[in-house]
Amino acid sequence: SDIFKSHRNIIIVKVDDSFKEAKIVTQRDVWAAPQTLLNIVGPTYPAIQKMITEEQDRLIQLLEQAERDRTIQNAMKYEEKKLRDLIESKFNVSMFFPKGYRLNLDTTDFVWISHETPTTSQGIFIFEYPYTDEKTFSADYLTEKRNYFLKKYVPGPTTGSYMTTVTLIPPAFKSMMFKKRYFGQLRGLWDVNGHPMGGPFISLTTIDEERQRVITVDGYVYSPRNKKRNYARQVEALLLTFTLLDQE
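Since this is a predicted model, take the numbers as computed values, not measurements.

Each value, and the rule that gives it
- Every chain's residues receive numbers from 1 upward, in the order its sequence appears when written.
- In view of the model being predicted, local features appear only for residues whose pLDDT reaches at least 70, and side-chain atom pairs are presented and counted only at 80 or more, with totals across whole chains, interfaces and linings using the full set of residues.
- Values reported for side chains reflect all heavy atoms of the structure, with hydrogen atoms and water molecules removed beforehand.
- Think of it in three bands: residues with accessible area under 20% of the maximum for their type are buried, residues over 50% are exposed, and the middle band is partly exposed, with areas taken using a 1.4 Å probe on protein chains only.
- Only DSSP runs of H or I with at least four residues qualify as helices, and only runs of E with at least two residues qualify as strands; both kinds are numbered from the N terminus onward.
- Pairing between strands is defined by DSSP: at least two bridges between the two strands are required.
- Axes here mean lines fitted to C-alpha atoms, for a helix over just the part in contact, with angles spanning 0 to 180 degrees between N-to-C directions.
- Buried Ala, Val, Leu, Ile, Met, Phe, Trp, Tyr and Cys residues that are joined via side-chain atoms within 4.5 Å together make up what is termed a nonpolar core.
- For this analysis, residues touch if any pair of their heavy atoms sits within 4.5 Å.
- Side-chain rings of Phe, Tyr and Trp (the six-membered ring for Trp) are treated as a pair once their centres are within 6.5 Å; stacked means planes under 30 degrees apart, edge-to-face means over 60, and tilted covers the remaining angles.
- The criterion is that NZ of a Lys, or CZ of an Arg, lies within 6 Å of the ring centre and within 35 degrees of the ring normal, and then a charge sits over that ring.
- Residues with no salt bridge and a relative accessible area higher than 30% make up the patches, which join like charges within 9 Å and nonpolar side chains (Val, Leu, Ile, Met, Phe, Trp, Tyr) within 5 Å.
- Only the protein chains shown count as cover for residues, and the accessible areas themselves come from Shrake-Rupley with a 1.4 Å probe.
- Here, a salt bridge means any Lys or Arg side-chain nitrogen found within 4 Å of an Asp or Glu carboxyl oxygen.
- One less than the residue count of a helix, multiplied by 1.5 Å, gives the span that helix is expected to have.

Trainee: Which parts of the structure should I look at to understand the pairing of strand S8 (residues 162-165)?
Mentor: Regular strands have side chains that alternate between both faces of the sheet. Every second residue of S8 is oriented toward a common face, with Tyr162 and Thr164 on one face and Met163 and Thr165 on the other, all of them buried. As judged from the four bridges shared by S8 and strand S10 (residues 181-193), these two strands associate in the antiparallel manner. Bridging from a neighbouring strand, threonine 164 pairs with aspartate 191 of S10.

Trainee: How should I be thinking about the sheet that holds strand S2 (residues 23-28) in this particular structure?
Mentor: Paired through backbone hydrogen bonds, the strands of a sheet run either parallel or antiparallel to each other. Spatially, three strands are ordered S1-S3-S2 in an open sheet, and the strand pairing comes out mixed. Across the chains shown, the open sheet's two edge strands, defined by having one partner strand only, are strand S1 (9-15) and S2. The sheet shows a mean angle of 20° between the axes of neighbouring strands, taken without regard to direction.

Trainee: How do you make sense of the nonpolar core when you look at a structure like this?
Mentor: In a soluble, globular protein the nonpolar side chains are often hidden away together inside. Ile87, Val93, Met95, Phe97, Ile124, Ile126 and Phe242 are the most contacted members of the largest nonpolar core, which totals 30 residues. Contributing elements (two or more residues each) for this core: helix H2 (56-77), helix H3 (81-91), strand S6 (110-116), strand S7 (121-130), strand S9 (172-178), strand S11 (195-208), strand S12 (213-222) and helix H5 (229-239). Excluding residues that lie within four positions of it along the chain, methionine 95 makes contacts with Arg84, Ile124, Ile126, Val217, Leu238, Leu239, Thr241 and Phe242. In terms of nonpolar packing, the next biggest core, distinct from the first, is built from 19 residues, Phe127, Leu186, Trp190 and Ile207 among them.

Trainee: It is not clear to me how the packing of aromatic side chains should be interpreted in this structure. Could you clarify?
Mentor: Aromatic ring pairs are described here by two measures, namely the spacing of the ring centres and the angle between the planes. In the structure shown here, the tally under the stated rule is 16 aromatic pairs. Among the aromatic residues, those joined into a ring-pair cluster are Phe110, Trp112, Phe125, Phe127, Tyr129, Tyr148, Phe149, Tyr153, Trp190, Tyr220 and Tyr222. Above the plane of the ring of phenylalanine 91 lies lysine 90, whose end atom (NZ or CZ) is 5.8 Å from the centre.

Trainee: What's the story with a nonpolar patch on the surface in this structure? I'm lost.
Mentor: A surface patch of nonpolar side chains, about 380 Å² in accessible area, is lined by Ile11, Val13, Val15 and Tyr45. A per-element tally of the nonpolar patch places S1 first, with three residues. Tracing the backbone through its elements, the reader meets tyrosine 45 in helix H1 (residues 45-54). We classify tyrosine 45 as exposed; its relative accessible area is 60%.

Trainee: I'm lost on the pattern of salt bridges in this one. Help?
Mentor: Side-chain pairing between opposite charges can occur once the charged atoms of the two side chains come close. Enumeration over the complete set of coordinates arrives at 16 salt bridges. One salt bridge connects glutamate 128 with arginine 213, and the closest N-O pair in it is separated by 2.5 Å. With glutamate 128 in strand S7 and arginine 213 in strand S12, this residue pair connects regions lying 85 residues apart in the sequence. An identical accessibility class is assigned to glutamate 128 and arginine 213; each is buried.

Trainee: Help me understand H2, please; the structure alone is not making it clear to me.
Mentor: Helical geometry: 3.6 residues make up each α-helical turn, so side chains three or four residues apart lie on a common side. Relative to the 32 Å expected for 22 residues at 1.5 Å per residue, H2 spans 32 Å between its end C-alpha atoms, a close match to the ideal helical length. Among the residues of H2, Leu59, Leu62, Ala66, Arg68, Arg70, Thr71, Ile72 and Ala75 are the ones counted as buried. Taken together, the buried residues of H2 touch S1, S2, strand S3 (36-42) and H5.

Structure below.
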């Protein structure tokens, strides 16, 4: 009915013997924009159930991608342009930040940008350092570098405290190709040394060969009263707006 047609994600199941097999048919912006409509069709309910069981990862990925795309579109349409200008001039990197994000710290090789509400903090770090080690793309090396910058530039709320990476549950490392560049991805947990705070983080690291430097974009969430999954996905979407600009 019309009351549901404005929703951003819609799943409609259709069973009819005119369908030869069960499948997922994706449509965009049918009744609203941006909107993802997933039509799950098949000749019988058992056929659809079997297909969903086999294709559940793909089904989840379609919805997650729709959410990421929506966050990116919002960031590009309603951006804090002065933040993108700062990142471009400082790191020769382009990123989009939506309204509400503010600059916390801008120093030689490190920038801290965040969006703060009474109950939630979503932040992004951007930092660079010389490329000197062939072992750059490993969980241990990237975690060591992350901790170096966090201890130096991200203090906690009490004297002597600082943000760091949880190693009791080691961060998960994955290599990936994105925008025709190789990235090392870390997913894990952060906490504050000397103060009871923590949450999830994700980082993307790549090498700028022309300038012989390593550059990392790192997003975190702090929201002790709420579930963090959707907040973390929003931050991850902003990281995916990362583009290394061509050197003139």
